[in-house]
Amino acid sequence: QVQLVESGGGLVQAGGSLRLSCAASGRTFSSYAMGWFRQAPGKEREFIAAISWSGSTTYYAKSVKGRFAISRDNAKNTVYLQMNSLKPEDTAVYSCAAVLSLGNYYRNYDRYDYWGQGTQVTVSS
């Protein structure tokens, strides 16, 4: 089992920044690739970013590429999502997830094994 707890969400004005954290406990964190997803009210869950277990490979959704950055610190069992130049359309509940291998389906939320409870990000215009 892997337990994931997100933090760092909140209310921010458009153009601002937030850094989300996802702290992991349980089985060896460094064995897992990690992803960030978001879900806005009335919308489907959306892939945001993913990172390999070593941190050497990252993937981003087109909607956030160049604005968001995913990183991880395996010594701290934590993955981060730095969000810059935030827009009102970034408003959503953001969740982190863990999977043993990203493969070619890292965008598919149903490929991930463990999920956090989510943290709300609200961007005001």
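In the block above lies the structure referred to throughout.
Residues numbered from 1 in each chain as written. Predicted model: local features only at pLDDT ≥ 70, side-chain atom pairs only at ≥ 80, totals over all residues. Heavy atoms only, no water.

S.K.: Account for the nonpolar core, with residues named and values stated.
M.R.: For soluble globular proteins, the rule of thumb is that nonpolar side chains tend to be buried together. Residues L4, M34, W36, L81, M83 and Y94 are the most contacted members of the largest nonpolar core, which totals 40 residues. Elements with a minimum of two residues in this core: β1 (2–7), β3 (18–26), β4 (33–39), β5 (46–51), β7 (68–73), β8 (78–83), β9 (92–99) and β11 (119–124). Per-element tally for this core: the top contributor is β9, with six residues. Look past the residues within four positions of L4 in its chain and what remains in contact with it is C22, A23, A24, M34, C96, A97, A98, Y114, W115, G116 and Q117. (Core = buried A, V, L, I, M, F, W, Y, C linked by side-chain atoms within 4.5 Å. Buried < 20%, exposed > 50% of the residue type's maximum accessible area, 1.4 Å probe, protein only. Helix = DSSP H or I, 4+ residues; strand = E, 2+ residues; numbered from the N terminus. Contact = heavy atoms within 4.5 Å.)

S.K.: So, the pattern of salt bridges: which residues are in play, and what are the values?
M.R.: Using the criterion set out here, one finds three salt bridges in the structure. R38 serves as the salt-bridge partner of D90, at 2.9 Å between the closest nitrogen and oxygen. Taken together, the residues span a long stretch of sequence, with D90 in the loop between β8 and β9 and R38 in strand β4 at a distance of 52 residues. Owing to a relative accessible area of 6%, R38 belongs among the buried residues under this scheme. Each of the salt bridges in this network shares a partner with another, and the network as a whole consists of R38, E46, R67 and D90. (Salt bridge = Lys/Arg side-chain N within 4 Å of Asp/Glu carboxyl O.)

S.K.: A description of the state of the cysteines should follow, citing residues and the corresponding values.
M.R.: In this structure the tally under the stated criterion is one disulfide. Disulfide pairing places C22 opposite C96 at an S-S distance of 2.0 Å. Here the disulfide of C22 and C96 is right-handed, its torsion about the S-S bond being about 60°. Of this pair, C22 sits in strand β3 while C96 sits in strand β9, and the two are 74 residues apart along the sequence. Pair check on accessibility: C22 and C96 agree, each one buried. (Disulfide = S-S within 2.5 Å.)

S.K.: Give me the sheet that holds β3: which residues, what numbers.
M.R.: Strand order in the open sheet made by the four strands is β1-β3-β8-β7, with antiparallel pairing throughout. Of all the strands in the sheet, the pair left with one neighbour each is β1 and β7. Sheet twist, expressed as the mean angle between neighbouring strand axes with direction ignored, is 15°. In this sheet, β8 lies alongside β7 in antiparallel orientation, the contact comprising six bridges. When the bridges of β8 are listed, A69 appears paired with Q82. (Pairing = 2+ DSSP bridges. Axes fitted to C-alpha atoms, helices over the stretch in contact; angles between N-to-C directions.)

S.K.: Which residues make up unusual backbone geometry, and what values do they have?
M.R.: Phi is positive for N77, which is not a glycine, with a value near 55°. Of note in this structure, S85 is not a glycine but carries a positive phi near 50°. With respect to the helices, strands and loops of the structure, S85 is situated in the loop between β8 and β9. In this structure S85 comes out as partly exposed when scored by relative accessible area, which is 41%.

S.K.: Go over the side chain of S95, please, and point to the residues and values.
M.R.: Positionally, S95 belongs in strand β9. With sequence-adjacent residues up to four places away left out, S95 is seen in contact with E6, G35, W36, F37, W115, G116, Q117 and G118.

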